[in-house]
Amino acid sequence: MLTRKDFAGRERPTWCTGCGNFGILNAITLALVERQIAPHEIAIITGIGCGSKLPHYMKVNGFHTLHGRPLAVATGARLANHGLRVMVVHGDGDGYGEGLSHFLHTARRNLNIVDLVQDNRVYGLTRGQYSPTSESGKRTPTSPEGSIDRPVNPLALAISAGATFVARGYSGELQHLAWLIGEALDHPGYALLDVLQPCVTFNRSYAYEYYNERVYKLEEEPGYDPADRTAAWEKAWEWGERIPIGIFYRGEPIPTYEEQVPALRAGPLVERPLERLRAEQVESLLAEIA
Amino acid sequence: MKESLTICIGGEAGMGLESSGAGFAKALTRGGLYVFGLPDYHSRIRGGHNFFSVRIAHHPLYSHAEPVHILLALDVETVRRHIGSVVPGGAVVYDAKDELPEELHRPGVNFCPIPLSALAEERGGRAVMRNTLAFALAAGLIGFDPAYIESVVRDNFARKGEAVVDANLRVVEAGVQAGCAFQTDFPFRMEAVPEAPRRLLLNGNDAFAMGALAGGCRFVAAYPMTPGSPVLQWFAARAGEYGAVTKHAEDEIAAVNMAIGAAYVGARALVPTSGGGFSLMVEALGLAGMTEVPVVIYEAQRPGPSTGLPTRTEQGDLLFVTYASQGEFPRFVLAPGTVEESFRIGWQAFNLAERYQTPAIVLSDHYLAVAYRTIEADALNFDEVTIDRGSLMGREELDALQEPYRRFRVTETGVSPRAVPGHPNAVWSTTSDEHDEYGAINEEADNRNAQVEKRLRKLEGMAREVPGPSWYGPEEAEVTLLCWGSSYGPVREAVDRLNGERTGRANMLHFSALYPLPLEATKAALGRTKRTVVVEGNATGQFETLLRAYTGWSPDGAVHRYDGRAFTPEYILRRLPFAV
């Protein structure tokens, strides 16, 4: 029986006191314990940013890669070993800025990856510049007059790209977030989990008080049906006095990418022994060029 | 000099020159001849001027050559561009419907107006069959048995049905007849050798892909880019049969990161590309270096910078791939010289990458990647292929693991025992940040030194592991031509021609391991030279720069080529007197 202790890391987090990443770390651990997924059965592949250091603070297979690229690394890992669960954890700059293209392509391919984005709407590690999800007009060191860009809408993008599981969590709602991570892990295929994550140092306008006053749970919203993609897309634009969290869209599962690769039907690629080609295989290759 | 002759077919893009040229080259190979076939094309789908030259001989060929014996001109432009290369006694076959301006005629050259399109349409039903007709005509001219062309036609068109096969066979017959009519005026012959053993015809891309497959490569990710993408296509066509996964990624950055992800979990992963794609991969190359993930990148060079000459050749990326990335880490740079070596390096690169847990870059170029060559059936030696995964930990070793696993354990060789994710005894994090032995981020100076030195220590073993330069030609020679990668063939033939005039004039020292340089073998070999000329396909002498940097040695001269065309023996011989 796995417990939280089994996931305890050797390192102490370098995050600021009150950082939303603590909630995310705890929620991931809770979800893995609840689903009884052992540390060696999952790889957490991260980008670069404060939150991407997360696997160092757990006991888990972790690959802390490049800024913007963890989904591509995760795709390769899944294709070569689909027996290994893969979760990607990265920030909004990583996932929706540098890695935006990989986000859309991974979603449309439907690889079985949980994509958790720590969305604090600011660059933390590089000290406070505006991010792809920052609101227009935000004054930061790189936008002293206020940013002109309109923010990315990750949920609407994921729905448009064909993702079949699109959700938003909030690091201040630990149990709810752990539940969402568990649902995302259960979902066969790509699952986007955008997590509202207060940055207590560089983005004080989106602190816990801001979110606590505004978030509401979609599953408690009368009449909201997460199977309705059009409604989900509409809901993805709601931001203001009320901010929805929960599962925006959960479609009927469609075949994952991995399931459709002929070479993977016989089991994970890495579990097959690597052997020299047999004589008849060599002959068949040579016959093509003789 | 032993005899060879070149048949060159030219026309517009979209006329199917390359596929028909490759088919003809196969027929010649089946007929016991040695072939060197080189497609030359522009970066466009239609129009322009493309050609395919097929050089043939009764002895092995390592290079194309400039003189043309038969010019098959599907348009007037072909005559205009190539008439200067046609030898006295040679033939220019052109479509009788084309008006050939007077100034294109040359005394001593046979001009053969043949209704190529009309005849193809009449006998085969389609004017596009004129390529087949023209090649069959060339076969008739040189006295080559058309049965071999017919056998290739049958193989190539079988899946299109009997009617298509028959139509093509009628076209072949018409071509051969037309050729025979001119045979008496044509002084060059190249008859088939019916008793010849089975031989193979392939290009460097095919050979490398085959070697990689034989060496256990089962994951290939790429974004299409000339001339590297055929390697992805080669694997994709065989993926189901050999249990390989191929991924046409959204861009080169994704492709290389996918390969790193696949290698991280234990697959042998390859990324084929060209210089532009490699440019995009540089950050990930550093990731593989830092996290010690073995990945193989096949970079088939074309002339840059930027888009450059997309369908042409150059050896201009050597220093770039050798030093690409911020920071310092070991890597292999291996540049095959021939198709045989492309095959061998194809499997060896995976062993080297895995044994040293670091990236291996295989540096080919457009010329080697696309030029077809006839080789002996046993020249691709599948028997010597080994799959050596180095210090990859097996299940038993992991089961027995007592202490916490140290992925980056500091060792004497710099290589640490490697686990892949999935075993409860080896659960660890790895990172692109500097890290300690366990893989935890660590910025301390002592740890930094220990890890940098651990990684760079691998270079000592790597330099001992890679092959030293290879000699060709007489041991004592007045001048040694130094070269690397695909220049092997043209330089080898230039050496043959020099020694054909007077033995002992020249030899060749060819390098395929460029980084790390096998220093001891290199210094020993350089010590045996008199005068030296570096022959390389770039403008600034990149290989020479490497040699100077690591050996302190200086050559006496250099021959460079950077017009996007491959070296020919003639080009080298023309430049050589001015080089020293």
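For the structure, see preceding data.
Okay, the interface of chain A and chain B next. Each partner contributes to the interface: chain A provides 47 residues, whereas chain B provides 53 residues. Elements represented by at least two residues in the side of chain A that touches chain B include exactly β2 (61-64), α2 (70-80), α4 (100-109) and α10 (279-288) of chain A. The pairing of β2(A) with strand β15 (residues 429-431) of chain B spans three bridges and is classified as parallel. Within β15(B), the residue paired with Gly62(A) across the bridge is Ser429(B).

Our next topic: the sheet that holds strand β7 (residues 215-217) of chain A. If you walk across this open sheet you meet the nine strands as β7(A)-β8(A)-β5(A)-β6(A)-β4(A)-β3(A)-β1(A)-β2(A)-β15(B), and the pairing is mixed. On the outer flanks of this sheet lie β7 of chain A together with β15 of chain B, each paired with one strand and no other. Between one strand axis and the next, the sheet turns by 20° as a mean value, whatever way the strands run. In this fold helix α6 (residues 174-186) of chain A packs onto β4 (114-119), β5 (165-170), β6 (191-196), β7 and β8 (243-250) of chain A, with an angle of close to 160° to the strand it touches most, β5(A).

With that out of the way, let us pick up unusual backbone geometry. At the junction of Gly304(B) and Pro305(B), the peptide bond is cis and its omega measures out at 0° in the coordinates. Along the chain, the position of Pro305(B) falls in the loop between β11 (296-301) and α11 (318-323). In this structure, Arg121(A) takes a positive phi of about 60° despite not being glycine. Inspection of the secondary structure puts Arg121(A) in the loop between β4 and α5 (154-160). One non-glycine residue, Gln357(B), adopts positive backbone phi at about 50°. When you line up the elements, Gln357(B) lands in the loop between α12 (339-356) and β13 (360-365).

Residues and elements named next belong to chain B. Pairing is mixed across the open sheet formed by seven strands, whose spatial order is β9-β8-β10-β11-β13-β12-β19. Where the open sheet ends on each side, the last strands, each with one partner, are β9 (245-248) and β19 (513-515). Ignoring strand direction, the axes of neighbouring strands in this sheet form an average angle of 20°. With three bridges joining them, strand β12 (residues 332-334) and β13 adopt parallel strand pairing. Directly across from Leu334, in β13, lies its bridge partner Val362.

Let's shift gears to the environment of Gly211(B). Residues and elements named next belong to chain B. When you line up the elements, Gly211 lands in helix α7 (residues 204-214). The exposure class of Gly211 is buried, given the 28 C-beta atoms found within 10 Å. Between the alpha carbons of Gly211 and Ala349 there is a distance of 9.5 Å; along the sequence they are 138 residues apart.

With that out of the way, let us pick up helix α3 (residues 116-124) of chain B. Residue and element names in this part refer to chain B. All of the buried residues along α3 are Leu116, Leu119, Ala120 and Gly124. Down the axis of α3, the sector holding all buried residues measures 100°, keeping them to one side. Packed against the buried residues of α3 are β5 (86-95), β6 (110-114), α4 (130-142) and α6 (162-182). The first or second residue beyond α3 is Gly125, which carries a positive phi of 95°.

Turning our eyes to something else, we now look at the pairing of strand β4 (residues 68-73) of chain B. Residue and element names in this part refer to chain B. Of all six residues that make up β4, six are buried, and the element is covered over most of its length. Here four bridges tie strand β1 (residues 4-13) to β4, and the two strands are oriented parallel to one another. Bridge assignment links Ile7 to a residue of β4, and that residue is Ile70. The pairing of β4 with β5 spans five bridges and is classified as parallel. Paired with Leu72 across the strands is Val93, a residue of β5. Once you follow β4 into helix α2 (residues 76-82) and on to β5, the crossover reads as right-handed.

In this section: the nonpolar core. Counting 250 residues, the largest nonpolar core has Val93(B), Phe219(B) and Ala259(B) as its most contacted members. If one sorts the elements of this core by residue count, helix α9 (residues 252-264) of chain B sits on top with 10 residues. Sequence-distant contacts of Phe219(B), that is, excluding residues within four places in its chain, are made with Leu79(A), Ala80(A), Leu269(A), Ala244(B), Val245(B), Ala259(B), Ala262(B), Ala267(B), Arg268(B), Ala269(B) and Leu270(B). The next biggest cluster of nonpolar side chains, apart from the first, holds five residues, and it includes Val122(A), Tyr130(A), Cys199(A) and Phe202(A).

Cut-offs used in this document
- Residues numbered from 1 in each chain as written.
- Chains lettered and ligands numbered in written order.
- Predicted model: local features only at pLDDT ≥ 70, side-chain atom pairs only at ≥ 80, totals over all residues.
- Contact = placed C-beta atoms within 7 Å.
- Helix = DSSP H or I, 4+ residues; strand = E, 2+ residues; numbered from the N terminus.
- Pairing = 2+ DSSP bridges.
- Axes fitted to C-alpha atoms, helices over the stretch in contact; angles between N-to-C directions.
- Buried ≥ 20, exposed ≤ 12 C-beta atoms within 10 Å, placed from the backbone.
- Arc of directions from axis to C-beta.
- Right-handed = clockwise from strand over helix to strand, strands pointing away.
- Core = buried A, V, L, I, M, F, W, Y, C linked by C-beta atoms within 7 Å.

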